Amino acid sequence: MNRIGIVVERIAQFIGVMVEGDDKVYRGVPKGKVLKKTKIYAGDRVAGKIVGDVFSIEEVFERKNVLVRPPVANVDRTLCVVTLKKPEFDNYLLDSLLVVYEHAGTSPAVIFNKVDLLEGEELQELQAWVKTYEEAGYPVIKVSTVTGEGIEDIKDLVEGEICILAGPSGVGKSSILKALTGAELRTSEVSEKTERGRHTTTGVKLIPFGKGSFLGDTPGFSKVEVLNFVRKKDVKNYFAEFSRFTCRYPDCTHTKEPDCGVKEALKEGKLSCDRFKSYLKMIKEYIELECPQ
Ligand SMILES: Nc1nc2c(ncn2[C@@H]2O[C@H](COP(=O)(O)OP(=O)(O)OP(=O)(O)O)[C@@H](O)[C@H]2O)c(=O)[nH]1
Ligand SMILES: [Mg+2]
Ligand SMILES: [Zn+2]
C-alpha cells in the first residue's frame, strides 16, 4: 500500500522523507518516472513505499509554489523577521521581502523580534510600526526568544503550514527556530563555513513543530531587488492598503497621475508615508510627496 510523506530534508544528494503516521525520517529514493523527470525539493509531498530504512518515492504531488532561495516547495507562510534594534530596523528591506514572498505565492507575516531590548519611546515606535503593518494587512507578532513572548502566537498562526524564516542577518531567525522547535541546527548537516569563519545554512531542512507545522531556516541577507522578481506595474498590487482608495484611472501607479486617491490619502495621513516611500524606491520613481508631520 502506498504511503504519503513530506520531504523534510534536501541536503546535497540526501532526501529525507517524513511519512504520515510515523515520526521517523526515511532516506528517500526516487523510483521510475520520478527518478527520470522530477526534481525533488524540501516541502514536496510524495507517495511511495517503505522498504526497510528507505522510502521509495513513486510520485511527487503537484506543487503550490517553489521558492528559489532557499529551494523549498509548497511554502504556505514566510515569517519575515526584523528587529527595531540590533540590528537597526530597515523598513525598505522588510517591505521588499513582503512583496517578493507574496509574489512567490506565500502568505507573509511580520515578526518583530528582540522586543525585550526596547524601552520607553522605543516601545512607542514599535507600536507605530506594528500598526503600519497591520493596516497593510499582514499578521504581526511581537517576539522575544529571551522571554518567550510571542512564541505561542507564532505556533497558533501557522498551524498545519510549511513555513520559512526570512530576514536580515542577526535578527534572531535561528533563535526563533530553536524556540519553536527545540532544534539546534547541527552545523555539520546543514551548514558550511564561509571564508569569514561563519556558519551559513546551505542545505534545506524542515523541522516539525506545533500543530502539524514545518519550519525551515534561511541565512540572512541584506538586499532584495524587487524588480528582479516582480514586473514594475505589478508592484502596487502587493501594497494591499492602497486598494482602499479610488483613483481616476483604474491602472493608476500613484505617481504622476491626476486625481489619485492614494496620494490624497497620504496627504491626509490615512496611509503610511514610509510604506509609500518604499513603493517609490522599489519601482524607482521619485516624486514630491506631501506627508503630514
Ligand atoms: N536580546 C535578544 N537577543 C536575541 C533574541 N533573539 C536572538 N538574539 C540574539 O541575536 C543574535 C543573532 O541571533 P541568530 O538567531 O543567530 O540570528 P539569525 O537571524 O539566525 O542570523 P543569521 O543566521 O546570520 O541570518 C544571537 O546572539 C542571539 O542570541 C531576542 O529575542 N532578544
Ligand atoms: Mg541563522
Ligand atoms: Zn492613484
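Residues numbered from 1 in each chain as written. Chains lettered and ligands numbered in written order. Predicted model: local features only at pLDDT ≥ 70, side-chain atom pairs only at ≥ 80, totals over all residues. Heavy atoms only, no water.

J.: Can you explain the pattern of salt bridges? Please cite residues and give values.
T.: The final tally for this structure, using the stated rule, is 21 salt bridges. Taking the shortest distance from any N to any O, the salt bridge between Lys131 and Glu135 comes out at 3.6 Å. Taken as a pair, Lys131 and Glu135 lie in helix 3 (residues 121-135) at a separation of four residues, close to a single helical turn. Members of the salt-bridge network, linked through shared partners, are Asp95, Glu241 and Arg275. (Salt bridge = Lys/Arg side-chain N within 4 Å of Asp/Glu carboxyl O. Helix = DSSP H or I, 4+ residues; strand = E, 2+ residues; numbered from the N terminus.)

J.: So what's going on with the state of the cysteines? Residues and values would help.
T.: Overall, the coordinates contain one disulfide when judged by the stated rule. Here Cys273 connects covalently by a disulfide to Cys291, the sulfurs 2.0 Å from one another. Taking the sign of the torsion about the S-S bond as the criterion, the disulfide between Cys273 and Cys291, at about -105°, is left-handed. In this pair, Cys273 is assigned in helix 8 (residues 273-283) and Cys291 in the segment after helix 8, connecting sequence segments 18 residues apart. Judged by its relative accessible area of 14%, Cys273 is buried. Just so you know, Cys80 is unpaired, no disulfide at all, and the nearest cysteine sulfur is the one on Cys163, 11 Å from it. (Disulfide = S-S within 2.5 Å. Buried < 20%, exposed > 50% of the residue type's maximum accessible area, 1.4 Å probe, protein only.)

J.: I'd like a rundown of the side chain of Asn113, residues and numbers included.
T.: Looking at where Asn113 falls in the secondary structure, it is placed in strand 9 (residues 107-113). What makes Asn113 buried here is its relative accessible area of 4%. Of the polar contacts made by the side chain of Asn113, one reaches the backbone oxygen of Val171; its length is 2.9 Å. Residues in contact with Asn113, not counting those within four places in the same chain, are Val81, Val82, Thr83, Val143, Ser144, Thr145, Val171, Gly172 and Ile176. (Polar contact = N/O pair within 3.5 Å; in protein donor to acceptor, adjacent residues only side chain to side chain. Contact = heavy atoms within 4.5 Å.)

J.: Tell me about the pairing of strand 3 (residues 25-30), residues and numbers included.
T.: Look at any regular strand and the pattern is simple: side chains alternate between the two faces of the sheet. In this structure, strand 2 (residues 14-19) lies alongside strand 3, joined through three bridges in antiparallel fashion. Bridge pairing in strand 3 links Val17 to Tyr26. With antiparallel pairing between neighbouring strands as the criterion, strand 2 and strand 3 make up a hairpin whose turn holds five residues, including Gly21 at a positive phi of roughly 75°. Where strand 3 lies against strand 5 (residues 54-60), four bridges are found, and the strand directions are parallel. Bridge pairing in strand 5 links Pro30 to Ile57. (Pairing = 2+ DSSP bridges.)

J.: Tell me what's going on with the domain arrangement of the chain, and back it up with residues and numbers.
T.: Taken domain by domain, the chain comprises domain 1 (3-60), domain 2 (66-216) and domain 3 (231-283). Summarising the inter-unit geometry, the C-alpha centres of domain 1 and domain 3 are found 45 Å apart. (Domains from an automatic or database assignment.)

J.: Tell me about the coordination of the zinc ion (ligand 3), residues and numbers included.
T.: Angles between donor atoms at a metal ideally measure 109.5 degrees for a four-coordinate tetrahedral arrangement and either 90 or 180 degrees for a six-coordinate octahedral one. In this structure, Cys247 (SG), Cys252 (SG), His254 (ND1) and Cys260 (SG) serve as the protein donors to the zinc ion (ligand 3), at separations of 2.2 to 2.4 Å. For the zinc ion (ligand 3), the four donor atoms in the first shell make angles of 103 to 114° at the metal, so the coordination geometry reads as tetrahedral. (Donors = N, O, S within 2.8 Å, 3.2 Å for Na, K, Ca; no water. Tetrahedral: all angles 85-135°; square planar, octahedral: opposite > 155°, others 65-115°.)

J.: Give me the nonpolar core: which residues, what numbers.
T.: Core analysis: the biggest nonpolar cluster contains 57 residues, and Val110, Phe112 and Tyr133 have the highest contact counts within it. By residue number, the principal contributor to this core is helix 2 (residues 91-103), which donates eight residues. Those residues in contact with Val110, other than ones at most four positions away along the chain, are Cys80, Val82, Leu94, Leu98, Tyr133, Tyr138, Pro139, Val140 and Ile141. By size, the runner-up hydrophobic cluster in this structure holds 19 residues, among which are Ala109, Ile111, Ile154 and Ile176. (Core = buried A, V, L, I, M, F, W, Y, C linked by side-chain atoms within 4.5 Å.)

J.: I'd like a description of the environment of Asp153, backed by residues and values.
T.: In this structure, Asp153 sits in helix 4 (residues 151-157). A C-alpha to C-alpha distance of 8.8 Å links Asp153 and Val143, two positions ten residues apart in sequence.

J.: Can you tell me about the packing of aromatic side chains, naming the residues and giving the values?
T.: Across all of its chains, the model carries nine aromatic pairs by this definition. Ring geometry for Phe242 against Phe276: centres 5.6 Å apart, planes inclined by 55°, an arrangement best described as tilted. Residue Phe242 is found in the loop between strand 15 (213-216) and helix 7 (261-267), and its partner Phe276 is found in helix 8; the two are separated by 34 residues along the sequence. Here Phe276 falls in the buried class, since its relative accessible area comes to 0%. (Phe/Tyr/Trp six-rings, centres within 6.5 Å; stacked < 30°, edge-to-face > 60°.)

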